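Analysis of the macromolecular model
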Amino acid sequence: MCNTLDRQMELFKVCAPPPDIVVEDLYIRTRSGTAELQEDKCMLSPNSEITTDTYFNIFSSSKYAEYTKIKKVTIATEVSGKLCVELRSFSDTGEQTIETTEIDSEKPKEVKFSFCIQDLERGEPFFHYLVYHSYEESVIHSFGSYISDLVPDEVELGIVICTFNREERVIRTLDLIDQMVSDERYGLKDKITVFVVDSGRTLDGGSINYDYVRLIPNRNKGGSGGFTKGIIESRKNKKTHILLMDDDIELDPNVIYKTFNLISVLNEEHKEAFVLGGMLLPETPNIQYEAGAEYLKGFRRGKHMLDLSDIRALLQNDEWVRADYGGWWYMCMPESAAEELPLPLFIKLDDVEFGLRRMKDHIIMNGIGIWHDSFESKTNPVTDHYFLRRNTLILYSMYGKKNGIYAGISHLLRMLHCIKEEKSDEYLYTRRAVNDFLRGPEFIADAEQTEIFEMTSDPNETILSAKSTKTGKIWEIFKKASPAELLSLLSESIILATKWNGLAKQYRRSAQYLSSQDYWDKEL
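A brief structural summary. None of the values given here were measured: they were computed from a predicted structure. (Residues numbered from 1 in each chain as written. Predicted model: local features only at pLDDT ≥ 70, side-chain atom pairs only at ≥ 80, totals over all residues. Heavy atoms only, no water.)

As for helix α7 (residues 381–399)
- Here α7 is 19 residues long and its end C-alpha atoms lie 26 Å apart, about the 27 Å a rise of 1.5 Å per residue gives.
- When you tally the buried positions in α7, you get 14 out of 19 residues, the bulk of the element.
- At the N-terminal boundary of α7, the capping side chain belongs to N380, with an oxygen 2.8 Å from the backbone nitrogen of V382.
- Of the residues trailing α7, G400 is marked for its positive phi of about 65 degrees. (Helix = DSSP H or I, 4+ residues; strand = E, 2+ residues; numbered from the N terminus. Expected span 1.5 Å × (residues − 1). Buried < 20%, exposed > 50% of the residue type's maximum accessible area, 1.4 Å probe, protein only. Polar contact = N/O pair within 3.5 Å; in protein donor to acceptor, adjacent residues only side chain to side chain.)

Have a look at this one:
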């Protein structure tokens, strides 16, 4: 049995979709009839039925039961007209009605339901939500909020936004956050500080007029350096938790509110858990691209391409799956996880490496996600062929994912393919990446990594200037490359294979220093 609800703490608000985001099925689902949103109200025509069994508004009861101290939950909504309001549940066995309240009133009436979650089976996704069915014209004055039965832990959240030349996007995100922080109903004043790390030094401090936002001009040390600077500042300011966010996301600020309240009620078993935000696609806003991902046992995006407008997909989204890391587009962690800082990888795979090293537990939950462009839609030869390749080699060596023979042979075959297909950018940047990896962690530690962006592919200086007939014949490779070039490539591949184990030891040994406060104080 659950105890009576003698204390109240809001977990999250049930919300209508923001006016500039056309994703109704992620907020309110219309099963029949029509529902029209007018300011803060929802107008139902006769014989209409709407539900809150959606990505942002469904209550993930099994998740809260497993990860938090909550035992009992209450949902209160306010309606008028002639309608019924139902509390329903959903699981693998289907939908069930738990309780129904009939309303016939011209004045707004509060409808309240309570339910227990403490005895739910672990690992079996289970939801609660409300269903509204109108008999005549009716009004939902408030969709309400989910309220818990305990006093939350004290949480102070540092939000870190690392930016480089995206002034408009950052200011827009800050405006959205301020709509929440300045609203007394959220109770977040003095509990959140936003650290905007400006690696491009292009943001005007005068355009950011919020007393809880701190603008930090920073040397351009890439995403890893920018986020590290923000993490350091968060820890200096005694924040209990740190939320990393990209500068080019589309955000519903209620996601931050839900995250804040979730981490304040975590149970002892999961207090150190990372909260991994889902990445939804702006061009298809109901499709989730990734929520957590595996790396060591073979790269696999978690919850990939789920259609979150489908309630069955929401069940899949709340299932536990292995994750080695969470993307820094939206990832929240306890301050203790940052006792070791990220490695100076500049960009690409810095979040992967940090997760492999520091994340021991994670939570992925419906309603905690943002919109972000897919990586396939953003291509750049420097990031794709230099940083991604170099950092892949570093991670493979550090974490024993591949051996030296594999690394050497795969490099040789990849470069021969580039010659054959005249992929000059990939060839040049990949060979530079391999050479810099071979120079060891001391080079990574001391290099001014922005200079790689100044490297250009001059056709007069490369082996790839000859026109290809693209016959697919292997001998075409030898027509496009000099014997000296091929010999150099073969030698490089052999060196990569033979030096692999020694370099792996060097990178592993250096990680402690390269992730230390001493190292980053010198660099930033």
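Observations concerning the sheet that holds strand β20 (residues 306–307)
- Strand order in this open sheet of four strands is β20-β17-β16-β23, and the pairing throughout is mixed. Looking at which strands have only one partner, the edges of the open sheet turn out to be β20 and β23 (369–371).
- In terms of strand pairing, strand β16 (residues 278–281) meets strand β17 (residues 284–290) through three bridges, oriented antiparallel. Considered in β17, the bridge of L281 is made with T284. (Pairing = 2+ DSSP bridges.)

Regarding the packing of aromatic side chains
- For the structure on display, the rule yields 26 aromatic pairs.
- On the basis of an interplanar angle of 75 degrees and a centroid distance of 6.5 Å, the ring pair of Y295 and F299 is categorised as edge-to-face.
- Judged by relative accessible area, which is 6%, Y295 ranks as buried.
- Directly above the aromatic system of Y186 lies the positively charged group of K13, at a separation of 4.9 Å from the ring centroid.
- The ring of F12 has K258 sitting right over it, with the charged end atom 4.1 Å from the ring centre. (Phe/Tyr/Trp six-rings, centres within 6.5 Å; stacked < 30°, edge-to-face > 60°. Lys NZ or Arg CZ within 6 Å of the ring centre and 35° of its normal.)

Some details on the environment of P285
- Within the secondary structure, P285 is located in strand β17.
- Placed 100 residues apart in sequence, P285 and R185 show a C-alpha to C-alpha distance of 28 Å.
- Look past the residues within four positions of P285 in its chain and what remains in contact with it is V22, V23, L26, L280 and W371. (Contact = heavy atoms within 4.5 Å.)

Here's the deal with the nonpolar core
- Core analysis: the biggest nonpolar cluster contains 92 residues, and Y132, Y146, V194, M245, I256 and Y330 have the highest contact counts within it.
- With seven residues, the top contributor of residues to this core is strand β7 (residues 72–91).
- The residues touching Y330, leaving out its near neighbours within four places in the chain, are L243, L244, M245, L251, V255, I256, T259, V275, L276, G277, I368 and I370.
- Core analysis: the second largest hydrophobic core is formed by 59 residues, L393, L395, M398 and I452 among them. (Core = buried A, V, L, I, M, F, W, Y, C linked by side-chain atoms within 4.5 Å.)

Section: empty space enclosed by the protein
- Scanning the entire structure with this criterion turns up five cavities of 30 Å³ or more.
- Approximately 90 Å³ is the volume attributed to the largest cavity.
- Surrounding the largest cavity, 13 residues form its lining, K221, P344, A447, Q449 and E523 being those nearest its centre. (1 Å grid on protein atoms, 1.4 Å probe; cavity = no way out; pocket = protein on both sides within 12 Å on 5 of 7 lines; lining within 4 Å. Points joined across faces, edges and corners; volume = space filled by probe spheres on them.)

Overview of the layout of surface pockets
- As a volume, the largest pocket reaches approximately 1,500 Å³.
- Forming the boundary of the largest pocket are 44 residues, of which I347, K348, F375, K378 and T383 lie nearest the centre.
- At the level of elements, β11 (157–163), α3 (222–236), α6 (350–358), α7 and α9 (424–438) are the ones that each hand at least two residues to the lining of the largest pocket.
- Looking at the lining of the largest pocket, the element that brings in the most residues is α7, giving seven residues.
- Split into classes, the residues belonging to the lining of the largest pocket amount to 16 nonpolar, 13 polar and 15 charged.
- By volume, the second largest pocket is sized at about 890 Å³.
- As for the second largest pocket, its lining consists of 31 residues, and the residues nearest its centre are C15, D40, R185, Y186 and N254.
- Broken down by element, the lining of the second largest pocket gets its largest block of residues, five residues, from strand β10 (residues 138–148).
- Considering only residue class, the lining of the second largest pocket consists of 15 nonpolar, six polar and 10 charged. (Nonpolar A, V, L, I, M, F, W, Y, C, P; charged D, E, K, R; others polar.)

Some remarks on unusual backbone geometry
- The residue R201 is not glycine, and still its phi comes out positive at about 55 degrees.
- Tracing the backbone shows R201 in the loop between β12 (192–198) and β13 (213–217).
- Given the relative accessible area of 54%, R201 is considered exposed.
- Look at M305: it is not a glycine, yet its phi comes out positive at around 60 degrees.
- In this fold, M305 is placed in the loop between β19 (300–301) and β20.
- Exposure remark for M305: the relative accessible area of 43% places this residue in the partly exposed category.

Quick word on the packing of α7 against α9
- Following both chains from N to C, one finds α7 and α9 inclined at 35 degrees, their axes separated by 8 Å at the closest point. Here α7 and α9 pass one another in a crossing that is right-handed. Contacts from P381, V382, H385, Y386, R389, R390, L393, I394 and S397 in α7 reach D425, E426, Y429, T430, R432, A433, V434, D436 and F437 in α9. (Axes fitted to C-alpha atoms, helices over the stretch in contact; angles between N-to-C directions. Left-handed = near helix turned anticlockwise from the far one by under 90°.)

A closer look at helix α2 (residues 167–181)
- If you check α2, its first and last C-alpha atoms are 21 Å apart, about what 15 residues at 1.5 Å a residue would give, namely 21 Å.
- For α2, the set of buried residues is V170, T173, L174, L176, I177, D178, M180 and V181.
- Next to the buried residues of α2 lie β11, β12, β13, β14 (241–246) and α4 (254–263).

Focus: the pairing of β17
- In terms of residue burial, β17 counts as a mostly covered element, since five of its seven residues are buried.
- Hairpin connection from β16 to β17: two residues lie between these consecutive antiparallel strands.

Digging into a negative patch on the surface
- A cluster of acidic residues, D104, E106, E136 and E137, forms a negative patch on the protein surface.
- With respect to the helices, strands and loops of the structure, D104 is situated in strand β8 (residues 94–116). (Patch = residues over 30% accessible without salt bridge, like charges linked within 9 Å, V, L, I, M, F, W, Y side chains within 5 Å. Areas by Shrake-Rupley, 256 points an atom, 1.4 Å probe, with all protein chains shown as cover. Salt bridge = Lys/Arg side-chain N within 4 Å of Asp/Glu carboxyl O. Lys, Arg positive; Asp, Glu negative; His and termini not counted. Charge placed at Lys NZ, Arg CZ, Asp CG, Glu CD.)

A closer look at the side chain of D361
- Positionally, D361 belongs in the loop between α6 and β22 (362–363).
- Nearest to the buried, unbridged D361 among oppositely charged side chains is K63, at 8.8 Å.
- Among the polar contacts listed, one links the side chain of D361 to the side chain of H270, at a separation of 2.6 Å.
- Once you skip the residues sitting within four places of it in the chain, D361 turns out to touch Y67, E269, H270, E272, A273 and F274.

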